[in-house]
Amino acid sequence: MKILTVIGNRPQFIKAAAVSPRLRERHQELLIHTGQHFDDELSAVFFAELGLPPPDRELGIALGSNTSQTARMLSALEPVVVEEAPDAVLVYGDTNSTLAGALAGAQAGVPVAHVEAGMRSFDRSMPEELNRVLTDHASSLLLCSSEVAVENLRRERVSGAVELVGDVMVDVALATQPRARERIDLVAARGLVSGGYALATAHRAGNVDDPGRLAVLVDLLLQVPLMVVFALHPRTRSRLVTAGLLDELERSERVVLTPPLGYIELTALLCHARAVLTDSGGLQKEAYLAGVPCITLRARTEWTETVEHGWNTLVDLDAGAAVAALEREPPADRPPLYGDGRAGERVVSALTLLLR
């Protein structure tokens, strides 16, 4: 069978690394990189570090609004789907690449399989929420990370088959975190001490595109009573420069600014951090798996279980709430969530059954 896999950003590269090698043992895979993350620091490094096969095609579609980017991806994917005539299209997560891949497959009458289906923040102002909802309703096979995701899809009465497979990012984290935890040299190289700093990331449009909210974000980071290593997404750096706020962070003695980090270095810094401050969905989950408290710079999250178990605190951009969360001790218990490291195998098995 021929599977056309559409990926385009960092979290999707990580997820595909858990699936593509296993998928290629049983089927033919054509890997399409849309170009949504085109910078080597956000793209090529993950292929190299995670052993992900190189893309068979690169579409080179980046930048622009969500609408224009999705439209350009859909236009570029349509002839690929027609030419390759795959038996299924496989998409991951909730990005513009996800939605474009799902629409290209569904409109061509090709079954679509969605990994990480059913996740909901119930905040339709987030582009990611629209992407994941629309993708789920266009998909023939919905591959869920958790029981919560399964229940969400049952309530929405999706037409596709729903399967609980676990989270493919857990596969990668379980394989990588023990090795990354040993890389204390990567922590020391940034002038940091294990347990004595917070790791921060921010890239979502709702936080960085509005100059007012961006200024509040900067103020929040400056109020953190720890060293903060802030891994700057290119989009975030650009917005900080435009708003005249980058200098403010560079002058701080407690903020260490870095470019985007590869998976190994980011995981090492995560595992040794006192806490994580982020608006990333994937990093919330990776923090939980590493046993590191997360402070989420959003008002809502799709990873509700991490909040319910006390390891994730939603603060939006409230500096006082963030500092209070940093001062709390983490819970004594951390129930296993999202999988056992075999989600990639289950994804391939479910796809194989779909295509029989």
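Above this text is the structure in question.
Only a predicted model underlies this, so the values are computations on that prediction, with no experimental measurement involved.

Parameters at a glance
- Residues numbered from 1 in each chain as written.
- Predicted model: local features only at pLDDT ≥ 70, side-chain atom pairs only at ≥ 80, totals over all residues.
- Heavy atoms only, no water.
- Helix = DSSP H or I, 4+ residues; strand = E, 2+ residues; numbered from the N terminus.
- Rg over C-alpha atoms; globule rule 2.2 N^0.38 Å.
- Buried < 20%, exposed > 50% of the residue type's maximum accessible area, 1.4 Å probe, protein only.
- Phe/Tyr/Trp six-rings, centres within 6.5 Å; stacked < 30°, edge-to-face > 60°.
- Lys NZ or Arg CZ within 6 Å of the ring centre and 35° of its normal.
- Axes fitted to C-alpha atoms, helices over the stretch in contact; angles between N-to-C directions.
- Parallel < 35°, antiparallel > 145°, perpendicular 65-115°, else oblique.
- Left-handed = near helix turned anticlockwise from the far one by under 90°.
- Contact = heavy atoms within 4.5 Å.
- Nonpolar A, V, L, I, M, F, W, Y, C, P; charged D, E, K, R; others polar.
- Pairing = 2+ DSSP bridges.
- Salt bridge = Lys/Arg side-chain N within 4 Å of Asp/Glu carboxyl O.
- Core = buried A, V, L, I, M, F, W, Y, C linked by side-chain atoms within 4.5 Å.

**Student:** Got a minute to help me understand the overall build of the protein chain in this structure?
**Tutor:** The number of helices and strands found in the protein chain is 17 helices and 13 strands. Its C-alpha atoms give the protein chain a radius of gyration of 20 Å, within 12% of the compact-globule value 21 Å for 356 residues. Over its C-alpha atoms, taken along the principal directions, the protein chain stretches across nearly 60 × 45 × 40 Å. Scored against the burial criterion, the 356 residues of the protein chain give a buried share of 56%.

**Student:** Explain the packing of aromatic side chains here, please?
**Tutor:** Between two aromatic rings, the relevant description is the distance of the centres plus the angle of the planes. Here the structure, examined in full by the defined rule, presents two aromatic pairs. Centre to centre, the rings of Tyr288 and Trp311 are 6.4 Å apart; their planes meet at 80°, and the pair counts as edge-to-face. Here the residue Tyr288 occupies a position in helix 14 (residues 281–290), and Trp311 occupies one in the loop between helix 15 (304–308) and strand 13 (312–314), the gap between them amounting to 23 residues. Assessed through its relative accessible area of 2%, Tyr288 is described here as buried. We classify Trp311 as buried; its relative accessible area is 8%. For the pair Trp303 and Tyr338, a centre-to-centre distance of 5.2 Å together with 80° between the ring planes defines the contact as edge-to-face. Residue Trp303 is located in the loop between strand 12 (294–296) and helix 15, and its partner Tyr338 is located in the loop between helix 16 (319–327) and helix 17 (343–354); the two are separated by 35 residues in the primary sequence. The cationic tip of Arg334 hangs over the ring face of Trp311; the distance from NZ or CZ to the ring centre is 5.8 Å.

**Student:** Would you mind going over the packing of helix 4 (residues 96–107) against helix 5 (residues 127–138) with me for this structure?
**Tutor:** The angle between the axes and the distance between the axes are what describe a pair of packed helices. Running from amino to carboxyl end, helix 4 crosses helix 5 at an angle of 20°, the nearest separation of the two axes being 9 Å. Considering their axes alone, helix 4 and helix 5 lie roughly parallel with respect to each other. Between helix 4 and helix 5 the crossing geometry is left-handed. Seen from helix 4, the contacting residues are Asn96, Thr98, Leu99, Ala102 and Ala106; seen from helix 5, they are Asn131, Leu134, Thr135 and Ala138. Class assignment of the residues belonging to the contact of helix 4 with helix 5 gives a composition of five nonpolar, four polar and no charged.

**Student:** It is not clear to me how the sheet that holds strand 5 (residues 112–117) should be interpreted in this structure. Could you clarify?
**Tutor:** Consider a sheet: its strands pair through backbone hydrogen bonds, and that pairing is either parallel or antiparallel. Strand order in the open sheet formed by seven strands is 3-2-1-4-5-6-7, and the pairing between neighbours is parallel. Among the strands making up the open sheet, the edge pair consists of strand 3 (57–58) and strand 7 (161–164). As judged from the four bridges shared by strand 6 (residues 141–144) and strand 7, these two strands associate in the parallel manner. The residue bridging Cys144 from the neighbouring strand is Leu164, located in strand 7. Of the strands in this sheet, strand 4 (88–92), strand 5 and strand 6 touch helix 5, which is tilted by about 140° from strand 5.

**Student:** In this structure, what is going on with the environment of Ala138? I would like to understand it.
**Tutor:** In this structure, Ala138 sits in helix 5. Along the sequence, Ala138 and Ala106 sit 32 residues apart, while their C-alpha atoms lie 6.2 Å from each other.

**Student:** Teacher, can you tell me more about the sheet that holds strand 8 (residues 197–201) here?
**Tutor:** Pairing is parallel across the open sheet formed by six strands, whose spatial order is 10-9-8-11-12-13. Edge positions in the open sheet fall to strand 10 (255–258) and strand 13, since each of these has one partner strand only. For this sheet, the mean angle separating the axes of adjacent strands, direction not counted, is 20°. Where strand 8 lies against strand 9 (residues 227–231), four bridges are found, and the strand directions are parallel. Bridging from a neighbouring strand, Ala198 pairs with Val228 of strand 9. Each of strand 8, strand 11 (275–278), strand 12 and strand 13 touches helix 14; the most contacted strand, strand 11, lies at about 170° to it.

**Student:** What exactly am I supposed to notice about the pattern of salt bridges here?
**Tutor:** Close approach of charged atoms lets side chains of opposite charge pair. Applying the stated criterion across every chain, the model contains 24 salt bridges. Glu128 is paired through a salt bridge with Arg204; the nearest N and O atoms lie 2.8 Å apart. With Glu128 in helix 5 and Arg204 in the loop between strand 8 and helix 9 (205–208), this pair connects stretches of sequence that are 76 residues apart. Two residues, Asp209 and Arg239, come together in a salt bridge whose shortest N-O distance is 2.9 Å. Here the residue Asp209 occupies a position in the loop between helix 9 and helix 10 (211–223), and Arg239 occupies one in helix 11 (residues 234–243), the gap between them amounting to 30 residues. Three or more residues are tied together by salt bridges with common partners; here these are Asp94, Glu129, Arg132, Arg298 and Glu302.

**Student:** Quick question: what am I supposed to make of the nonpolar core here?
**Tutor:** Across soluble globular proteins, you tend to see nonpolar side chains buried next to one another. One finds Ile7, Val19, Leu52, Leu90, Leu143, Val347 and Leu351 to be the most contacted residues of the largest nonpolar core, which totals 51 residues. Broken down by element, the residue count for this core peaks at seven residues, all from helix 1 (residues 10–26). In contact with Leu52, other than residues within four places in its own chain, are Ile7, Phe13, Ala16, Ala17, Ser20, Leu31 and Phe47. The next biggest cluster of nonpolar side chains, apart from the first, holds 28 residues, and it includes Ala202, Leu214, Leu220 and Val228.

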